[in-house]
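Okay, here's what each chain looks like letter by letter:
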Amino acid sequence: GIIHNGRYGIYDRYQYVMFMDNDVVIEDLALFASIVYENNFEICQPATSNKNVSHKHLIQKGNGVREVPFCEIMSPCIRIDVLKDLLKNHLYKSESGWGLDLLWGKLYKNYVVDKVVMHHTRPVSSGNWIMSNGLTPFEEMQKINGSLHN
């Protein structure tokens, strides 16, 4: 795992970590990785196909790379120094993950790699879950979004 014996065990071994939902398929992960390393992005993701998408600004547009307001929680690729900060200061704010994408969009530059497409194979369905903190993912997102404006 990420944390091993109280230490963040990935810091010495990796430059990036990508967190992918189990219903995401990326067409060319090797190409994506090479583009990520070449550009030294803070946070990025492949473009999304136009099926089962929550955020229209992430749908593929052309064949390049573009800065976006935020990368979605379903598949962020995060540079290790950024991940250190997020783990220490921010990731605890949302059990579901909802709203964290809005947060890191305010803290770091986020990019979409349009040259590589990912497909979300199932409809978004986590919105009605009740987390152990008693909140739905949507309520967690609202709470984080409110903290960004205070």
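Scroll up a little and you will see the structure.
For clarity, every value in this text was computed on a predicted model and none was experimentally measured.

Asks: Looking at this structure, I do not really get the nonpolar core. What am I missing?
Replies: One broad trend across soluble globular proteins is that nonpolar side chains are buried collectively. Of all hydrophobic cores here, the largest spans 17 residues; its most connected members are Ile43, Ile78, Val82, Leu86, Trp104 and Tyr108. Counting residues per element, the ones that place at least two in this core are strand S5 (43-48), helix H2 (80-89) and helix H3 (100-107). Of the residues forming this core, the biggest block, four residues, is contributed by H2. Residues contacting Tyr108, with those up to four places away along its chain left out, are Glu42, Ile43, Val82, Asp85 and Leu86. Core analysis: the next-biggest nonpolar cluster, separate from the first, contains 14 residues, Ile26, Ile35, Val36 and Cys77 among them.

Asks: Could you clarify how one ought to interpret the environment of Phe138 in this entry?
Replies: Here Phe138 lies in helix H4 (residues 137-148). Sequence separation between Phe138 and Trp98 is 40 residues; the distance between their C-alpha atoms is 6.8 Å.

Asks: Help me understand helix H1 (residues 29-39), please; the structure alone is not making it clear to me.
Replies: Note: α-helices contain 3.6 residues per turn, so residues at a spacing of three or four share the same orientation. Restricting attention to buried positions, one finds in H1 the residues Phe32, Ile35 and Val36. Taken end-on, H1 shows its buried residues confined to a sector of 100°, consistent with a single buried face. Exposed residues lying more than 90 degrees from the buried face of H1 are Ala30 and Glu38. Looking at the packing, one finds that the buried side of H1 touches strand S3 (16-18), S5, strand S6 (65-68), strand S7 (77-79) and strand S8 (110-120). Where H1 ends, the next residue or the one after it, Asn40, has phi of about 55°, a positive value.

Thresholds, definitions, all that
- Residues numbered from 1 in each chain as written.
- Predicted model: local features only at pLDDT ≥ 70, side-chain atom pairs only at ≥ 80, totals over all residues.
- Heavy atoms only, no water.
- Core = buried A, V, L, I, M, F, W, Y, C linked by side-chain atoms within 4.5 Å.
- Buried < 20%, exposed > 50% of the residue type's maximum accessible area, 1.4 Å probe, protein only.
- Helix = DSSP H or I, 4+ residues; strand = E, 2+ residues; numbered from the N terminus.
- Contact = heavy atoms within 4.5 Å.
- Arc of directions from axis to C-beta.

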